[in-house]
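# Structural overview
Chain residues, written in single-letter form:
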Amino acid sequence: MNALNKPQEDLRTTVIIAGRVFVPVEEVETFVAEARATSYPLAAVNPGNVLMSFCVEDAATGAVTVLEQWTSQEALDRHVATPEITALLTAWGPRIRNEVRRFDVDETDLRS
């Protein structure tokens, strides 16, 4: 288990960010590398982050899957408000098609 995939005992996840972004095909690997290098370290030190993942779903179409879990909207807001995330979103926002959505979770069933 890495620092980003924290144990979920006693955590009540309330916010899920999930979906895809579509990046120009020639930039998909660069985007994922920059997103991971920026987001992963910041999420790891945010106590409200449970999971953070960016992965290339389909390089031929530029599809990148995004999945995040947060214990609160406040934790997510802290993450997004950091200068590093603001810069990442400013740099890439105009070049990507964002199909990522935010979901509120009322309760988490951790049974296997």
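For the structure given in this document, a descriptive report is provided here. (Residues numbered from 1 in each chain as written. Predicted model: local features only at pLDDT ≥ 70, side-chain atom pairs only at ≥ 80, totals over all residues. Heavy atoms only, no water.)

### Considerations on the pairing of strand β1 (residues 15–22)
Note the following rule: The rule for pairing is simple: two strands pair if DSSP sees at least two bridges between them. Each helix is a run of DSSP H or I of at least 4 residues and each strand a run of E of at least 2, with the numbering of both proceeding from the N terminus.
In this structure, β1 lies alongside strand β3 (residues 63–70), joined through eight bridges in antiparallel fashion. Of the residues in β3, the one forming a bridge with Val15 is Trp70. Taken together, the eight bridges between β1 and strand β4 (residues 97–104) define a ladder with antiparallel strand orientation. The residue bridging Val21 from the neighbouring strand is Asn98, located in β4.

### Overview of the sheet that holds strand β2 (residues 49–58)
Where we set the bar: Throughout, an axis means a line fitted to C-alpha atoms (over the contacting stretch in the case of helices), and angles, computed between N-to-C directions, take values from 0 to 180 degrees. Whether two residues are in contact is decided by their heavy atoms, any of which lying within 4.5 Å being enough.
Spatial strand order, β2-β3-β1-β4: four strands in an open sheet with antiparallel pairing. Every other strand in the sheet has two partners, leaving β2 and β4 as the edge strands with one partner each. Pairs of neighbouring strands in the sheet enclose a mean axial angle of 10°, with direction left out of account. Sitting on the sheet, helix α1 (residues 28–44) is in contact with β1, β2 and β3, with an inclination near 175° to β2.

### Details of α1
Put simply, the rule is: The span you would expect from a helix comes to 1.5 Å times its residue count less one. Burial classes: relative accessible area under 20% of the type maximum marks a residue as buried, over 50% as exposed, and values in between as partly exposed (1.4 Å probe, protein chains only).
Here α1 contains 17 residues, and its C-alpha end-to-end distance of 23 Å stays within 8% of the 24 Å for a straight helix at 1.5 Å per residue. Every buried residue of α1 is listed here: Val28, Phe31, Val32, Ala35, Thr38, Ser39, Leu42 and Ala43. Turning to α1, the residues buried within the fold contact β1, β2, β3, α2 (73–81) and α3 (83–92).

### Notes on the pattern of salt bridges
The following threshold applies: Salt bridges are defined as contacts in which a side-chain nitrogen from Lys or Arg sits within 4 Å of a carboxyl oxygen from Asp or Glu.
Enumeration over the complete set of coordinates arrives at four salt bridges. Close ionic contact of Arg95 with Glu27 constitutes a salt bridge, the shortest N to O distance being 2.9 Å. Taken as a pair, Arg95 in the loop between α3 and β4 and Glu27 in the loop between β1 and α1 lie far apart in primary sequence, 68 residues in all. A residue is classified by how much of its surface remains accessible, and Glu27, at 22% relative accessible area, is partly exposed. Between Glu99 and Arg97 there is a salt bridge, with its nearest N and O atoms 2.9 Å apart. A relative accessible area of 33% means that Glu99 is categorised as partly exposed.

### Considerations on the nonpolar core
The condition is simple: We define a nonpolar core as any set of buried Ala, Val, Leu, Ile, Met, Phe, Trp, Tyr and Cys residues linked to one another through side-chain atoms lying within 4.5 Å.
By size, the foremost hydrophobic cluster in this structure holds 19 residues, and its most contacted members are Ile17, Val21, Val23, Phe31, Val64 and Trp70. Elements that contribute at least two residues to this core include exactly β1, α1, β2, β3, α2 and α3. With five residues, the top contributor of residues to this core is α1. Contact partners of Val64, with chain neighbours within four places excluded, come to Gly19, Arg20, Val21, Val23, Val28, Phe31, Val32, Cys55, Val56 and Glu57.

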